[in-house]
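# Residue-level structural notes
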Amino acid sequence: MAKTLRVVVPPHPLIAHWLTVLRHEGTPPALYRTAMEELGRWLSYEAMRDWLPHRRDVVKTPLGSTDGTVIESGVPLLAVPMFAGGLHLWAGARQVLPSAELCLAGLPDAIESQAGVVLLLDQVAQGDALIELLHQLEQLGVQAPRLRVITALTASPGLKRIGETYPEITIHTACIDADLDERNRILPGIGDPLQRLGIRTAQPN
């Protein structure tokens, strides 16, 4: 049976609301940052629903004992934000993943054999950056069941390319837009996150 890329667009009104804020051309940088953070929080919440390792446990309440569920804190979880928008997604995601270790400046040199990895990207247009990350993770021994991708927005052409190369991964996103323009920008999209977040980058030497 052929494998198919799993793209999850949660039908949550808060996710739809904050995506609309990102899309609006009049949204100021401060509110744009807030919207990215809120999407990071709610998309991470949805992505962890059926993925976080957990176990049953018996706990004592003030009046008796009952069965409970606890997260397996001994299983490492790495959060890898990419680009400036990924960091803002992480600012929201960390409220859902307080025990995750943050990896700055890309992937670490080694990843534990049982560790889960959460990739956070502001958007997926052509898919090149994500494919390169997935290739690097493959070299580090991280397979699809140990991985979740969280991104504010995706485009169908990029998802098609990713699905042809890494069909087993799961992506959580606020929306799938159909097209790219001649400059490979997502249409209708959310604009240029760097510009709209008010971030300046260093000029190459």
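Fair warning: this is a prediction, and the values are worked out from it, not measured in the lab.

Inspection of the secondary structure puts His 88 in helix 3 (residues 83-93). On the accessibility criterion, His 88 (15% relative accessible area) is buried. In contact with His 88, other than residues within four places in its own chain, are Arg 33, Met 36, Glu 37, Leu 197 and Ile 199.

Following Leu 187, the chain continues to Pro 188 via a peptide bond in cis, the omega torsion being 0 degrees. If you trace the backbone, Pro 188 turns up in the loop between strand 11 (186-187) and helix 6 (193-196). The backbone phi angle of Ala 105 is positive, close to 60 degrees, even though this residue is not glycine. Topologically, Ala 105 is positioned in the loop between strand 5 (101-102) and strand 6 (116-124). One non-glycine residue with positive phi stands out, namely Asn 184, at about 60 degrees. Of note, Asn 184 is situated in the loop between strand 10 (179-180) and strand 11. Among the residues examined, Asn 184 registers a relative accessible area of 34% and is labelled partly exposed.

Right, let's talk about helix 3 for a bit. Counting buried residues in helix 3 gives 9 out of 11 residues, a clear majority hidden from the surface. Burial in helix 3 covers these residues: Ala 84, Gly 85, Gly 86, His 88, Leu 89, Trp 90, Ala 91, Gly 92 and Ala 93. Where the residues of helix 3 are buried, they touch helix 2 (29-48), strand 4 (77-82), strand 5, strand 6, strand 7 (147-155) and helix 6.

Before going further, it helps to spend a moment on the packing of aromatic side chains. Centre-to-centre distance and the angle between the planes together describe a pair of aromatic rings. Using the criterion set out here, one finds 1 aromatic pair in the structure. Taken together, a centroid distance of 6.3 Å and an interplanar angle of 70 degrees make the contact between Trp 42 and Tyr 45 edge-to-face. In this pair, Trp 42 and Tyr 45 are both assigned in helix 2, 3 residues apart and thus about one turn of the helix distant. Look at Tyr 45 and you get partly exposed, because its relative accessible area is 43%.

A word on the layout of surface pockets. Each pocket or cavity is described by its volume, and for the largest pocket that value is around 520 Å³. Together, 22 residues line the largest pocket, and Gln 123, Ala 125, Asn 184, Arg 185 and Ile 186 are the ones closest to its centre. Looking at the lining of the largest pocket, the elements with two or more residues in it are strand 6, helix 4 (128-139) and strand 11. No other element matches strand 6, which puts 4 residues into the lining of the largest pocket. When the residues that make up the lining of the largest pocket are grouped by side-chain class, the tally is 10 nonpolar, 6 polar and 6 charged. By volume, the second largest pocket amounts to about 250 Å³.

Okay, the pattern of salt bridges next. Following the criterion strictly, the structure yields 9 salt bridges and no others. Its salt-bridge partner being Asp 50, residue Arg 6 comes within 3.9 Å of it at the nearest N-O pair. With Arg 6 in strand 1 (residues 6-8) and Asp 50 in the loop between helix 2 and strand 2 (54-61), the pair connects residues that are 44 residues apart, well separated along the chain. Exposure remark for Arg 6: the relative accessible area of 38% places this residue in the partly exposed category. By relative accessible area, which is 51% here, Asp 50 ends up exposed. With a shortest N-O distance of 2.7 Å, Arg 41 and Glu 38 are connected by a salt bridge. With Arg 41 and Glu 38 both in helix 2, this residue pair falls 3 residues apart, about one helical turn. The class of Arg 41 is partly exposed, set by a relative accessible area of 24%. Using a relative accessible area of 16% as the deciding quantity, one classes Glu 38 as buried. One network of salt bridges, with partners in common, ties together Arg 6, Asp 50 and Arg 148.

About the criteria used
Throughout this document, residue positions are counted from 1 along each chain, in the order its sequence is written. The predicted nature of this model means local features are confined to residues of pLDDT at least 70 and side-chain atom pairs, given and counted, to a pLDDT of 80 or more, with totals for whole chains, interfaces and linings taken over all residues. The basis for the side-chain values is all heavy atoms of the structure; hydrogens and waters are excluded. Helical segments are the DSSP runs of H or I of at least four residues, strand segments are the runs of E of at least two, and each set is numbered from the N terminus. Throughout, exposure labels follow a simple rule: accessible area from a 1.4 Å probe, protein chains only, divided by the maximum for the residue type, with under 20% read as buried, over 50% as exposed, and the rest as partly exposed. Contact criterion: two residues are considered in contact whenever any of their non-hydrogen atoms come within 4.5 Å of each other. Any pair of Phe, Tyr and Trp rings, taking the six-membered ring for Trp, is counted once the centres come within 6.5 Å. Such a pair is stacked with planes under 30 degrees apart, edge-to-face with planes over 60 apart, and tilted for the rest. Using only the protein atoms, space was sampled on a 1 Å grid; points where a 1.4 Å probe fits but cannot get out form cavities, open sets with protein on both sides within 12 Å along at least five of seven lines form pockets, and lining residues are those with an atom within 4 Å of a point. Grid points are joined across faces, edges and corners, and a volume is the space filled by probe spheres set on the points. Here the term charged refers only to Asp, Glu, Lys and Arg, the term nonpolar to Ala, Val, Leu, Ile, Met, Phe, Trp, Tyr, Cys and Pro, and the term polar to all other amino acids, Gly among them. Salt bridges are defined as contacts in which a side-chain nitrogen from Lys or Arg sits within 4 Å of a carboxyl oxygen from Asp or Glu.

Remember, this is a structural readout, not a statement about activity or role.
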